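Coordinates in review
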Amino acid sequence: MITINHYLAVSATLLLIGTLGVLTRRNIVVILMSIELILNAVNVNLIAFSKYHNQVTGQVFAIFVIAVAVAEAAVGLGVLIALFRNKGSVQADEVDLLKW
Amino acid sequence: MGDSVFFYAFAALAILGALGTVLFRSAVHCSLALMTSLLGVAGLYLMQGAEFLFAVQIVLYIGGIMVLFLFVIMLVNLDQAAKLKQFNGQTPLAVLAILGTGAAFYAFLAKGVATLPAPASATVMTGGNTENVADLLFTSYLLPFEVASVLLLVAVVGSVLMAGKGGTR
């Protein structure tokens, strides 16, 4: 029997893996992909509770999360292209102009 | 019975894909693994009766965002980046933090779910899933919907500005 617990566990696992990617990878493209993973984990959580409470409100919120994820990916990749053009590198720790 | 088989299959797809995204060396392989993970998540949506989101996930995420990612990977030519070191200096600390957070998450899941309020008595939903979502989206959540469209407009303008000639200065 699959309960809400199972879905929440999958969601927590996806969130942890995504956070690990954001914290450890050097390649900015992969960091943006990890952010997508985190947003997907949130969506799994919302859908699980939507089913649990038998309401579609959670699904509406998941649509908003997807809209924000699309906006974030578009702007992030635009920034990445500008960064690559100026520095010729996509490694996150080489962009340290504001670091002391 | 068939339910749990499909659940574990989709969950394994989602989690193994996520691990591949974080661990693979080449960015193209990472994006293919991310696609696998998104497919698994789409399957989980379908199992929860969210058919509209299942379609949105396939069309928009796998068809849209991932093509955008692959396009950018092609533009910035990551061949030499794949030969560099992939993980930064704070990796051990990050792994420790993730393990600690994960322990807290799973401890909460083990204890906390039992304290959830019981689900509301089955309000019978007439019509299909898409119909119900649209009903709610265009009545109660009309203002957030319009705000989201403004956000998307701003994102379009911003990404054109960033990726276009103005980003060179």
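Residues numbered from 1 in each chain as written. Chains lettered and ligands numbered in written order. Predicted model: local features only at pLDDT ≥ 70, side-chain atom pairs only at ≥ 80, totals over all residues.

1. Notes on the overall build of chain B
Of regular secondary structure, chain B possesses six helices and zero strands. In sequence order, the secondary structure elements of chain B are arranged as α-α-α-α-α-α. Whereas a compact globule of 169 residues would reach a radius of gyration of roughly 15 Å, chain B reaches 21 Å, over 25% beyond that. Along the three orthogonal principal directions, the C-alpha set of chain B runs to about 55 × 40 × 30 Å. Per-residue burial for chain B yields a buried fraction of 24% across its 169 residues. Contacts in chain B between residues far apart in sequence, at least 24 positions, make up 55% of those at least 6 positions apart. (Helix = DSSP H or I, 4+ residues; strand = E, 2+ residues; numbered from the N terminus. Rg over C-alpha atoms; globule rule 2.2 N^0.38 Å. Buried ≥ 20, exposed ≤ 12 C-beta atoms within 10 Å, placed from the backbone. Contact = placed C-beta atoms within 7 Å.)

2. Looking at the overall build of chain A
Counting secondary structure elements, chain A contains three helices and zero strands. Scanning chain A from its N terminus toward the C terminus, one meets helices and strands in the order α-α-α. Whereas a compact globule of 100 residues would reach a radius of gyration of roughly 13 Å, chain A reaches 17 Å, over 25% beyond that. Along the first, second and third principal axes, the C-alpha set of chain A runs to 50 × 25 × 20 Å. Looking at chain A as a whole, 55% of its 100 residues qualify as buried. The contacts of chain A with a sequence gap of at least 6 include a subset with a gap of at least 24, amounting to 49%.

3. With respect to the interface of chain A and chain B
Interface size is often expressed as the accessible area that is lost when the parts come together. Taken together, the 64 residues of chain A in the interface contact 72 residues of chain B. Of all the secondary-structure elements, those providing two or more residues to the side of chain A that touches chain B are helix 1 (4-24), helix 2 (28-52) and helix 3 (57-87) of chain A. With 23 residues, the top contributor of residues to the side of chain A that touches chain B is helix 3 of chain A. Of the residues in the side of chain A that touches chain B, the class split is 40 nonpolar, 18 polar and six charged. (Nonpolar A, V, L, I, M, F, W, Y, C, P; charged D, E, K, R; others polar.)

4. Comments concerning helix 2 (residues 27-47) of chain B
Here helix 2 of chain B is 21 residues long and its end C-alpha atoms lie 30 Å apart, about the 30 Å a rise of 1.5 Å per residue gives. A positive phi of about 80° marks Gly 49 of chain B, the residue just after helix 2 of chain B. (Expected span 1.5 Å × (residues − 1).)

5. Observations concerning the environment of Leu 39 of chain A
All names here are of chain A. Structurally, Leu 39 is set in helix 2. For Leu 39, a count of 20 C-beta atoms within 10 Å gives the class buried. Setting aside chain neighbours within four positions, we find Leu 39 in contact with Val 65 and Ala 69.

6. Examining the nonpolar core
In this structure, Leu 14, Val 29 and Val 44 of chain A together with Leu 44 of chain B are the most contacted members of the largest nonpolar core, which totals 65 residues. Secondary-structure elements contributing two or more residues to this core are helix 1, helix 2 and helix 3 of chain A together with helix 1 (2-23), helix 2, helix 3 (51-76) and helix 5 (129-137) of chain B. It is helix 2 of chain A that provides the largest number of residues to this core, a total of 13 residues. (Core = buried A, V, L, I, M, F, W, Y, C linked by C-beta atoms within 7 Å.)

7. Overview of the domain arrangement of chain B
Structurally, chain B comprises domain 1 (1-82) and domain 2 (138-169). Computed from C-alpha atoms alone, the centre-to-centre distance between domain 1 of chain B and domain 2 of chain B is 24 Å. (Domains from an automatic or database assignment.)

8. Re the environment of Asn 5 of chain A
Positionally, Asn 5 of chain A belongs in helix 1. Apart from residues lying up to four places away in sequence, Asn 5 of chain A is in contact with Leu 109 and Val 113 of chain B.

9. Concerning the packing of helix 2 of chain B against helix 3 of chain B
Residues and elements named next belong to chain B. At a minimum axis separation of 9 Å, helix 2 and helix 3 run at an interaxial angle of 175°. As summarised for this structure, helix 2 and helix 3 are arranged roughly antiparallel, according to the angle between their axes. Contact residues: helix 2 offers Ala 27, Val 28, Ser 31, Leu 34, Met 35, Leu 38, Leu 39, Val 41, Ala 42, Tyr 45 and Leu 46, while helix 3 offers Glu 51, Leu 53, Phe 54, Gln 57, Ile 58, Tyr 61, Ile 62, Met 66, Phe 69, Leu 70 and Ile 73. Taken together, the residues of the contact of helix 2 with helix 3 break down into 19 nonpolar, two polar and one charged. (Axes fitted to C-alpha atoms, helices over the stretch in contact; angles between N-to-C directions. Parallel < 35°, antiparallel > 145°, perpendicular 65-115°, else oblique.)

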